[in-house]
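Here are the chains, one letter per residue:
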Amino acid sequence: MTRTPIHTRPDGSIDTARYMARGRRMRSEEAHRLARRTTSRLPTLALAAVSVLAALLILPMAT
């Protein structure tokens, strides 16, 4: 197992600001990735919803 070096400040304490910024960046990147994935599927989901609504409205009229 590879050990990851722990980044420290000049006084020897752990550089928590670095890790907090890294966590914010990673969360932001993931949120953007999920948003892109969701919006790319939006037209398909909208078409499916319209199809279902049309079926619900048209089928009762046909009988």
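A brief look at the structure comes next. (Residues numbered from 1 in each chain as written. Predicted model: local features only at pLDDT ≥ 70, side-chain atom pairs only at ≥ 80, totals over all residues. Heavy atoms only, no water.)

1. A few points about the pattern of salt bridges
(1) Moving on: The tally for this structure, following the rule as stated, stands at three salt bridges.
(2) Moving on: Between Arg25 and Glu29 there is a salt bridge; the shortest N-O distance is 3.8 Å. Taken together, the residues span about one helical turn, with Arg25 and Glu29 both in helix H1 (residues 16-62) at a distance of four residues.
(3) Moving on: Exposure remark for Arg25: the relative accessible area of 47% places this residue in the partly exposed category.
(4) Moving on: With its nearest N and O atoms 2.6 Å apart, the salt bridge here joins Arg33 to Glu30. In this pair, Arg33 and Glu30 both sit in helix H1, three residues apart, roughly one turn of the helix.
(5) Moving on: Arg33 gets classed as partly exposed once you look at its relative accessible area, which sits at 35%.
(6) Moving on: Its relative accessible area of 35% is what places Glu30 among the partly exposed residues. (Salt bridge = Lys/Arg side-chain N within 4 Å of Asp/Glu carboxyl O. Helix = DSSP H or I, 4+ residues; strand = E, 2+ residues; numbered from the N terminus. Buried < 20%, exposed > 50% of the residue type's maximum accessible area, 1.4 Å probe, protein only.)

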